[in-house]
Amino acid sequence: MRTNPQEKMMKNIRDRFALLVTEVTMALRGRLEPVDERGGGRNTDEGFHISGGAVVAGAIAAGVAAFVARRLGALG
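Rules of the game
Residues numbered from 1 in each chain as written. Predicted model: local features only at pLDDT ≥ 70, side-chain atom pairs only at ≥ 80, totals over all residues. Heavy atoms only, no water. Salt bridge = Lys/Arg side-chain N within 4 Å of Asp/Glu carboxyl O. Helix = DSSP H or I, 4+ residues; strand = E, 2+ residues; numbered from the N terminus. Patch = residues over 30% accessible without salt bridge, like charges linked within 9 Å, V, L, I, M, F, W, Y side chains within 5 Å. Areas by Shrake-Rupley, 256 points an atom, 1.4 Å probe, with all protein chains shown as cover. Buried < 20%, exposed > 50% of the residue type's maximum accessible area, 1.4 Å probe, protein only.

Undergrad: Explanation requested: the pattern of salt bridges in the structure shown.
TA: A side chain with one charge can pair with a side chain of the opposite charge if their charged atoms come near. Considering all chains together, one arrives at one salt bridge under this definition. Where Asp15 meets Lys11, a salt bridge forms, and the shortest distance between an N and an O atom there is 2.8 Å. Placement of the pair is Asp15 and Lys11 together in helix H1 (residues 5-32), with a separation of four residues, close to one helical turn.

Undergrad: What am I meant to see in a nonpolar patch on the surface here?
TA: A surface patch of nonpolar side chains, amounting to about 560 Å² of accessible area, comprises Phe17, Leu20, Val21, Val24, Leu28 and Leu32. Within the element layout of this structure, Val24 appears in helix H1. The class of Val24 is partly exposed, set by a relative accessible area of 41%.

All we've got here are geometric facts, nothing functional implied.
So, in structure tokens, the structure goes:
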């Protein structure tokens, strides 16, 4: 039984997508699991506070940049 080129291409895409999903899942699992069996993980409160602060700082910087751009007439 012969398969047409489109079926071959779709199988190739499915296989590549399945591999990508597996690799991403394993990478995320490695980042979110504890570093060691004593419970010290990468997803601690300190990490959440640092990332939350970075998000707030980015929002403030974007707001200031938009304000300055508007004052200079760059935003119309």
